[in-house]
Number of protein chains: 2
Amino acid sequence: MTLIPPTRLKPRKNPVQARAKATVDAIFEATAQVLLSEGLARLTTNHVATRAGVSIGTLYQYFPGKEALLYALVEQLLDQVACQIEEACAAAERPTLDDCAALFVETYFAAKTGDPEKARALYLASSHLEMSALVSRTIVRLQDAAAQMLRRCPEVRAAPPDEVVTCWVAVVTGGTRQILEDTNSAMLLPGFHIELTRLSSAYLRSAFSSGPKRSDG
Amino acid sequence: MTLIPPTRLKPRKNPVQARAKATVDAIFEATAQVLLSEGLARLTTNHVATRAGVSIGTLYQYFPGKEALLYALVEQLLDQVACQIEEACAAAERPTLDDCAALFVETYFAAKTGDPEKARALYLASSHLEMSALVSRTIVRLQDAAAQMLRRCPEVRAAPPDEVVTCWVAVVTGGTRQILEDTNSAMLLPGFHIELTRLSSAYLRSAFSSGPKRSDG
DNA sequence: AACCAAGCTGAGGGTTTGCTCATATATCTG
DNA sequence: CAGATATATGAGCAAACCCTCAGCTTGGTT
């Protein structure tokens, strides 16, 4: 929405009838499935169309090409995550640092693990060079949401420094990705968000209330 | 080396003469370059051979296919990083927690940013489904190196819990990836490893010296 | 019913890609 | 030098792929 993708990446038209909406959904769903079962290299438009149960011509009525299809999928999935984070962060009125840590981590983690397959598909698809702007944009949204939440935190006096917010968001998103993509560590996944919350609390405290309660100046 | 890849992914033969070694190196180099300039989708064997200045036939004498080429490249780059970490961690004899944090982060960060282009190429290539085992293996090596270093740390009494090591390593590697891949935040990259070190120190302290020096039991 | 968008189909043209193989050159060994 | 081995070449074929288009079906409106 906010971004202006080149024509090559924009959808050709949006579905208006209910049946067409179902078709597009099926195409998205099929794309994610093929991505997971075959990998990005073997993802072909014909294969996606077949898996979606529609003809190849139908696919090309909505998307000008393979890349546009992936672009739309990534855009959709990223937007869902960003919206959930923004909503959750905005809802915290006077959070403690620990609240901030828990809220951000839990929300992000839940958004990702709610449908781990889709999350993995997203990681695969977003490795396409042209998606990087989309990812960047989403990261900025997360950073802004986090920074504004921290600013409403009584323990935080001034505006939180960029490096801290950047580092924190990078570490939460990157760490989660690492765990989700590593099929080996998938077993101890349930405990991960707890550790990640502890880590976040420790970091935020060390960044914002470092001295022993430096009283009012 | 440690892994036993299916024939489809193993190199066909190793170069023995110096000239052949140079050829294989050129192919690797060209692969990384094409990966960065064209992306994984447009990486073709013909294109790589051209960029390397060798004939397509030559490429196929050493690698049975495109995937094997990528596999070998990823294997090489991952091994370099793991070796550097293992070496650095093993060299620390009686480190403090802060030493551990700094050593691991600085070494990993230096290994990645020493050649950021190659690091980015690695991320692109490793998104191929079949590389996940290779990545997993490397992560385990990093975890082991970190765990053994922590065990030699006077502030750490017992063996460090798996969740902590897993979380820490995931966060350092994942966070670094996030920063390296995001071209926007590339500018404040120089400060990132400092924050990451602070974060690591804070986390390790909260995990290992949480109470006020719970004396011997 | 008659009409018109909107939606769907899938064979096939043109292109790209992966890979082979017959041939040629370079390096080594005795 | 002569033979053996290692290395390099690149035209070209089979397969895979992207995408179009002319015609067909479905849903909605009057």
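Some points on the packing of aromatic side chains
For any two aromatic rings, the description comes down to two numbers: the centre-to-centre distance and the angle of the planes.
Logical step 1: Tallied over the entire structure, the rule returns six aromatic pairs over all chains.
Logical step 2: Taking the centre distance of 6.1 Å and the plane angle of 40° together, the rings of Phe109 of chain B and Phe192 of chain B count as tilted. Of this pair, Phe109 of chain B sits in helix 5 (residues 97–113) while Phe192 of chain B sits in helix 9 (residues 189–208), and the two are 83 residues apart along the sequence.
Logical step 3: Phe192 of chain B gets classed as buried once you look at its relative accessible area, which sits at 3%.
Logical step 4: The lysine or arginine in question, Lys13 of chain A, covers the ring of Tyr62 of chain A, its NZ or CZ lying 5.5 Å from the ring centre.

Considerations on the interface of chain B and chain A
Logical step 1: Residue-level contacts link 39 residues of chain B with 39 residues of chain A.
Logical step 2: Interface area, chain B with chain A, both sides summed: about 3,300 Å², of which 63% is carbon and sulfur.
Logical step 3: Three residues, Gln178, Glu195 and Leu199 of chain B, lead the burial of chain B against chain A; their summed loss comes to 16% of the area buried on that side.
Logical step 4: The interface formed by chain B and chain A holds four salt bridges in total.
Logical step 5: Its salt-bridge partner being Glu181 of chain A, residue Arg177 of chain B comes within 3.6 Å of it at the nearest N-O pair.
Logical step 6: Scanning the region where chain B abuts chain A turns up seven residue pairs in polar contact (both at pLDDT 80 or more).
Logical step 7: Within the residue set of the side of chain B that touches chain A, elements represented by two or more residues are helix 1 (18–38), helix 7 (132–151), helix 8 (162–181) and helix 9 of chain B.
Logical step 8: At 13 residues, helix 8 of chain B tops the list of elements feeding residues into the side of chain B that touches chain A.
Logical step 9: Residues belonging to the side of chain B that touches chain A are distributed by class as follows: 18 nonpolar, eleven polar and ten charged.

With respect to the relation of the copies chain B and chain A
What relates the two chain copies is a rotation about an axis together with a slide along it.
Logical step 1: Each copy superposes on the other: chain B lies on chain A with an RMSD of 0.1 Å after a rotation of 180° and an axial shift of 0.0 Å. Such values leave the two copies arranged in the relation of a two-fold axis. Residue Gly174 of chain B, judged by its C-alpha, is the member of chain B lying nearest the rotation axis, at 2.0 Å.

Focus: the domain arrangement of chain A
Residue and element names in this part refer to chain A.
Logical step 1: Domain assignment breaks chain A into domain 1 (7–67) and domain 2 (73–208).
Logical step 2: Summarising the inter-unit geometry, the C-alpha centres of domain 1 and domain 2 are found 29 Å apart.
Logical step 3: Residue-level contacts link ten residues of domain 1 with twelve residues of domain 2.
Logical step 4: Regarding the contact of domain 1 and domain 2, the summed buried area is about 1,000 Å², with carbon and sulfur atoms giving 71% of it.
Logical step 5: Of all residues in domain 1, the largest losses of buried area upon contact with domain 2 belong to Phe28, Leu36 and Leu40, amounting jointly to 47% of the total for that side.
Logical step 6: For Glu29, the salt bridge goes to Lys118, with nearest N and O atoms at 3.3 Å.
Logical step 7: The tally of links between domain 1 and domain 2 comes to two residue pairs in polar contact (both at pLDDT 80 or more).

Overview of the protein's contact with DNA strand D
Logical step 1: Around DNA strand D sit 24 residues in total, of which Tyr60 of chain A together with Thr23, Ser55, Gly57 and Thr58 of chain B are the nearest.
Logical step 2: Restricting attention to atoms of DNA strand D within 4 Å of the protein, one finds that 68% of them are sugar or phosphate atoms.
Logical step 3: The backbone of Thr45 of chain A places a nitrogen or oxygen atom 3.1 Å from a phosphate oxygen of DNA strand D.
Logical step 4: Thr58 of chain B places a polar side-chain atom, nitrogen or oxygen, 3.2 Å from a phosphate oxygen of DNA strand D.
Logical step 5: Looking at which element gives the most residues to the surface near DNA strand D, the answer is helix 3 (residues 56–62) of chain B, with five residues.
Logical step 6: Grouping the constituent residues of the surface near DNA strand D by class yields eight nonpolar, eleven polar and five charged.

Parameters and conventions
- Per-chain numbering applies: the sequence of each chain, read as written, is numbered from 1 onward.
- Chains carry letters from A onward and ligands carry numbers from 1 onward, assigned in written order.
- Selection of residues for local features in this predicted model requires a pLDDT of at least 70, selection of side-chain atom pairs for listing and counting requires 80 or more, and totals for whole chains, interfaces and linings are taken over all residues.
- Hydrogens and water molecules were not included; the side-chain quantities draw on all heavy atoms of the structure.
- Stacked, tilted and edge-to-face pairs are distinguished by plane angle, under 30 degrees for stacked and over 60 for edge-to-face with tilted covering the rest, among Phe, Tyr and Trp rings (Trp via its six-membered ring) whose centres lie within 6.5 Å.
- By the criteria applied, helices consist of DSSP H or I runs no shorter than four residues and strands consist of E runs no shorter than two, each listed in order from the N terminus.
- Three exposure classes are used, based on accessible area relative to the maximum for each residue type with a 1.4 Å probe and protein chains only: buried under 20%, partly exposed in between, and exposed over 50%.
- The criterion for a charge sitting over a ring is simple: Lys NZ or Arg CZ within 6 Å of the ring centre, and within 35 degrees of the ring normal.
- Here, two residues are considered to be in contact whenever any of their heavy atoms come within 4.5 Å of each other.
- As used here, buried area is the combined drop in accessible area, with a 1.4 Å probe, of two parts when they are placed together.
- For this analysis, a salt bridge means a side-chain nitrogen from Lys or Arg found within 4 Å of a carboxyl oxygen belonging to Asp or Glu.
- Two N or O atoms form a polar contact when they lie within 3.5 Å of each other; inside protein one atom must be a possible hydrogen donor and the other a possible acceptor, and for residues adjacent in sequence the pair counts only when both atoms belong to side chains.
- Residue classes follow a fixed rule: Ala, Val, Leu, Ile, Met, Phe, Trp, Tyr, Cys and Pro count as nonpolar, while Asp, Glu, Lys and Arg count as charged, and any other residue, Gly among them, counts as polar.
- The copies are overlaid by a least-squares fit using only the C-alpha atoms of residues whose pLDDT is at least 70 in both copies.
- How far each domain reaches was decided by an automatic or database domain assignment.
- Nearness is defined per residue: one heavy atom within 4 Å of the molecule or strand is enough.

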